[in-house]
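# Examination of the molecular architecture
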Amino acid sequence: MVLGFKKKKPPDPYLTQVINTERFRLVNCNRLQAIQITMPWHNDPEILGNLMYSKAKYSRREWARKIGKPDGNKRFYHAIIAKDIKGTIGTHRLILDKSGTVRLAIVIHAKEWWGKDVFAEVRTAIMDHFSQSPRVVRFHGQVLTRNIRSIYNYQKLGFRVIGYDRKVWKSPITDEYEDTMHFEYLAEDWRADRTEHLT
């Protein structure tokens, strides 16, 4: 019997396109690029906590393993490049599963950009683009219930709360168990709502 290897799917030519907004270019990254642009996260307890990682700090080698393998087909990391400074201010991550659910996460590591509506501009452009793919059925986000800023951002875009997880994540800093909230937006609803908004 000959054992075959599962053929790796190539990057999706549509989903890996560069996405432009008024202020930003969102550029899909390969694994090395993803490691480089997310390296500011590896020793920032606030960022790692909001992303619900199990440690408050990672070595560079640990972080390189933690990133996984962005392949442009199921796992995407977009560098958020500010056009005026031509520099990367953050990263948007998407994980697309077989059922068509896209799990979302965003980090703005350049804290001087906090409070400048980066989330809304970037997330709107990402969802406009990805919702046009027949592979994408729904968008999903999970945040800590204490993360008021992220909850506000999800609600501002029109995501609906679909549930809570009680004591699902243990903080590596406080050793306390924390609750999370789940948000959802169907791709077809997003397309319809955006069409209505733009007309």
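Now for a quick tour of the structure.

What counts and what doesn't
- Residue positions are counted from 1 within each chain, in the order its sequence is given.
- Only residues with pLDDT of at least 70 are given local features in this predicted model, and only at 80 or more are side-chain atom pairs given and counted; all residues enter the totals for whole chains, interfaces and linings.
- Side-chain numbers come from the whole structure's heavy atoms, not from hydrogens or water.
- Labels follow the DSSP assignment, with helices taken as runs of H or I lasting at least four residues and strands as runs of E lasting at least two, numbered in each case from the N terminus.
- With the radius of gyration taken over C-alpha atoms, the globule rule is written as 2.2 Å times the number of residues to the power 0.38.
- Residue exposure (1.4 Å probe, protein chains only): buried if accessible area is under 20% of the type maximum, exposed if over 50%, otherwise partly exposed.
- In what follows, residue pairs with any heavy atoms lying within 4.5 Å of each other are defined as contacts.
- Note on areas: Shrake-Rupley, 1.4 Å probe, and residue coverage restricted to the protein chains presented here.
- It is the directions from the helix axis to the C-beta atoms that the arc portrays.
- Take the buried residues of types Ala, Val, Leu, Ile, Met, Phe, Trp, Tyr and Cys, join any two whose side-chain atoms come within 4.5 Å, and each joined set is a nonpolar core.

## Brief notes about the overall build of the chain
The helix and strand inventory of the chain stands at six helices and eight strands. In sequence order, the secondary structure elements of the chain are arranged as β-β-α-α-α-β-β-β-α-β-α-β-β-α. Relative to the globule expectation of 16 Å for 199 residues, the C-alpha radius of gyration of the chain, 17 Å, shows essentially globular dimensions. For the chain, the spread of C-alpha atoms along the principal axes amounts to about 55 × 45 × 40 Å. Within the chain, the fraction of its 199 residues that count as buried is 49%. Across the chain, every contact between residues at least 6 apart in sequence was considered, and the portion connecting residues at least 24 apart equals 61%. Just so you have it, the chain exposes about 11,500 Å², and 52% of that area is on carbon and sulfur atoms.

## Some words on helix H5 (residues 148–157)
Among the residues making up H5, those that are buried are Ser 150, Ile 151, Asn 153, Tyr 154 and Leu 157. Angular distribution of buried residues about the axis of H5 spans 160 degrees; they occupy a single face of the element. For H5, the exposed residues set more than 90 degrees away from the buried face come down to Ile 148 and Tyr 152. Where H5 is buried, its residues contact strand S5 (101–107), helix H4 (118–130), strand S6 (138–144), strand S8 (177–186) and helix H6 (187–198). Just past H5, the residue Gly 158 takes up positive phi, approximately 100 degrees.

## Quick notes on the nonpolar core
Most often, soluble globular proteins have nonpolar side chains that are buried together. Core analysis: the largest hydrophobic core is formed by 36 residues, its most contacted members being Phe 24, Ile 89, Phe 139 and Phe 159. Among the elements that take part in this core, H4 stands out by supplying eight residues, more than any other. Ignoring sequence-local partners within four residues, the contact set of Ile 89 consists of Phe 24, Ile 80, Ala 82, Val 107, Ile 108, His 109, Ala 110, Trp 113 and Val 118. By size, the runner-up hydrophobic cluster in this structure holds 19 residues, among which are Cys 29, Ile 35, Leu 51 and Ile 81.

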